[in-house]
Amino acid sequence: MLIVVVPVYGLQLGASPLVLGAVLSAQYLLPLALAIPLGGVVSRFGGRATLITGASLMVAGLLAMHFWPGFGGLVLGQLLVGLAHLQMVLAAQTIIANLGTGPRLEKYFGWYSTWLSGGQVIGPLLAGLLLNASGTAHVFLVMAAFALVAGVVGFWLTGQATERIQVTRKQAGFRAQWALMQSNRGVQLSVLVTVLGMFALGVYGSYLPVYLESLAVSPVIIGILVSLRAGVSMVIRPFMASIIQLAGGRVNTVFLSLVTVSAGIALLGATEQVVVMGLLAVLVGIGSGLTQPLSMVILAESVDRAKRSGALGMRLMANRAIHFLAPLMFGLLLELGGFALAFGASGVAIAAALPTARQLFKP
């Protein structure tokens, strides 16, 4: 829901493209600094406790946006929501990563990311309907209610979700993750894939609503187009293991997904036709639907269990770093040359990283 609400609310407050980029990036500031330490926290306290704490923080952030109108509440809420989201995602990914290997793990991450996409389908649609009906008066309270439900549901997690692993700073600290990043090719590839995929989603999610708003498209249509990308991702993710097999392995699947994302983003600013934008959203949905679960599978199979939470934290740190930088970079390009240049350059940047990915796949 925030993907639609924050850009629209920021525009209502009179934010310029660059200021809006800073507001959108604020959500990723704390995760950028704390992702790796939180990996150790998940190991020490267990996935369930971390997830419930994250849900509580998310409620606090959304209430801050509601009760403190203006940029102050918006920025504070973005900071808290960003930290909360990091905790919840890191806890969930750690729980899933410990459930299996090989095609079984591909299937599990495919289903995990399918339900993530389900929220990304319903959220923007619901946000668009609420904005259309009553503006931003109640939308943050509705989001807080969803976050509260997430925290309550977390109490039902059992089994290894409650297990604690005693890890040392040498296993989970910044130096340990940096050493892993330097020496482990699977980790390097996982981080590169997630960075490229998240860059595309950061650009798409942050500025597609702004682009559509500039074309005087209604909030409901904005919500539909944002949800369409997530809907396509949701449809293909349960079949990820089968797609990998049909494509001839993970190498071909990674390249297929990155090329698709690159084309969808690059052409987005070249049209003002809603139908064409919908087709491009499908391309972005196919690519992003495969990149993120593939990235998690590659990483989970590249490190042992004791190091897994820390490595996932490092992946999420890279993820949040690019989410932090993408809106700022796009905002600058937008001010310099408009939407066609900004979307086009973003797609070309993704394509330019493909040779590096191919090199990392070589034994």
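All residue numbers here refer to positions counted from 1 along the written sequence of the relevant chain. Given that this is a predicted model, residues contribute local features only at a pLDDT of at least 70 and side-chain atom pairs are listed and counted only at 80 or more, while totals for whole chains, interfaces and linings are drawn from all residues. Remark: hydrogens and water are excluded; side-chain values derive from all non-hydrogen atoms of the structure.

- Under the annotation held in an unreviewed UniProt entry, the protein chain carries the name MFS transporter and is attributed to Marinobacter nauticus.
- UniProt positions are given in the numbering used here, feature names are shortened, and annotations may be inferred rather than shown by experiment. Its UniProt record, at the heading Subcellular location (unreviewed entry), says of the protein chain: "Cell membrane".

### Points about the nonpolar core
- Counting 103 residues, the largest nonpolar core has Leu2, Leu62, Phe109, Phe140, Met143, Ile265 and Phe343 as the members making the most contacts within it.
- Secondary structure counts use DSSP, requiring at least four H or I residues in a row for a helix and at least two E residues in a row for a strand, with both numbered from the N terminus. By residue number, the principal contributor to this core is helix α10 (residues 185-214), which donates 18 residues.
- Ignoring anything within four residues of it in the chain, the contact list for methionine 143 reads Met1, Leu2, Val5 and Leu62. In this description, a nonpolar core means a group of buried Ala, Val, Leu, Ile, Met, Phe, Trp, Tyr and Cys residues linked to one another through side-chain atoms lying within 4.5 Å. Only protein chains enter the accessibility calculation, which uses a 1.4 Å probe; a residue is then buried when its area is under 20% of its type maximum, exposed when over 50%, and partly exposed in between. In this analysis, two residues are considered to be in contact whenever any of their non-hydrogen atoms come within 4.5 Å of each other.

### Focus on the packing of helix α1 (residues 2-12) against helix α7 (residues 139-153)
- Fitted lines through C-alpha atoms serve as axes, helices being fitted only where they are in contact, and the angles separating the N-to-C directions of these axes extend from 0 to 180 degrees. Running from N to C, α1 and α7 point in directions that differ by 155°, and their axes come no closer than 11 Å. As judged from the angle between their axes, α1 and α7 are roughly antiparallel. Handedness of the α1/α7 crossing: left-handed. Judged by residue contacts, Leu2, Val5 and Tyr9 of α1 engage Val139, Phe140 and Met143 from α7.
- Note that Gly is not counted as nonpolar here; it falls among the polar residues with everything else outside the nonpolar set of Ala, Val, Leu, Ile, Met, Phe, Trp, Tyr, Cys and Pro and the charged set of Asp, Glu, Lys and Arg. Looking at the contact of α1 with α7 residue by residue, the classes come out as 6 nonpolar, no polar and no charged. Each angle is binned into one of four classes, with values under 35 degrees roughly parallel, values over 145 roughly antiparallel, values of 65 to 115 roughly perpendicular, and all other values oblique. The crossing is said to be left-handed when, going from far helix to near helix, the turn is anticlockwise and less than a right angle, and right-handed when the turn is clockwise.

### Quick look at a nonpolar patch on the surface
- Note on patches: the residues involved have over 30% relative accessible area and no salt bridge, like charges join within 9 Å, and the nonpolar side chains Val, Leu, Ile, Met, Phe, Trp and Tyr join within 5 Å. For the area figures, the Shrake-Rupley method with a 1.4 Å probe applies, and any residue is considered shielded solely by the protein chains shown. Salt-bridge detection follows one rule: a side-chain nitrogen of Lys or Arg within 4 Å of a carboxyl oxygen of Asp or Glu. On the surface, Leu13, Val19, Phe71 and Val75 cluster together to form a nonpolar patch covering roughly 260 Å² of accessible area.
- When you line up the elements, valine 75 lands in helix α5 (residues 71-97).

### Here's the deal with the domain arrangement of the protein chain
- Residue ranges assigned to the domains are those given by an automatic or database domain assignment. Domain boundaries assigned for the protein chain yield domain 1 (1-160) and domain 2 (172-362).
- Relative placement of domain 1 and domain 2: their C-alpha centres are 18 Å apart.
- Contact residues are listed per partner, giving 55 residues for domain 1 and 53 residues for domain 2.
- At the junction of domain 1 and domain 2, the tally comes to 0 salt bridges.

### Section: the environment of isoleucine 96
- Mapped onto the secondary structure, isoleucine 96 falls in helix α5.
- When the C-alpha atoms of isoleucine 96 and alanine 26 are compared, they prove to be 28 Å apart, with 70 residues separating the residues in sequence.
- Not counting the four nearest positions on each side in its chain, isoleucine 96 is found in contact with Leu105, Tyr108, Phe109 and Tyr112.

### Considerations on the packing of aromatic side chains
- Pairing of aromatic rings covers Phe, Tyr and Trp, the last counted by its six-membered ring, and requires centre-to-centre distances within 6.5 Å; plane angles under 30 degrees mean stacked, over 60 mean edge-to-face, and any other angle means tilted. Tallied over the entire structure, the rule returns 4 aromatic pairs.
- Relative to phenylalanine 140, the ring of tyrosine 9 lies with its centre 5.6 Å away and its plane at 65°, an arrangement referred to as edge-to-face. With tyrosine 9 in helix α1 and phenylalanine 140 in helix α7, the pair connects residues that are 131 residues apart, well separated along the chain. You'll find tyrosine 9 and phenylalanine 140 in the same group, each marked buried.

### Digging into the confidence of the model for the protein chain
- A residue's pLDDT is simply how confident the predictor is in it, with values from 0 to 100. In this model, the protein chain carries an average pLDDT of 80, and 92% of its residues clear a pLDDT of 70 or more.
- Mean pLDDT across the elements of the protein chain bottoms out in helix α8 (residues 169-172) (57) and peaks in α7 (91).

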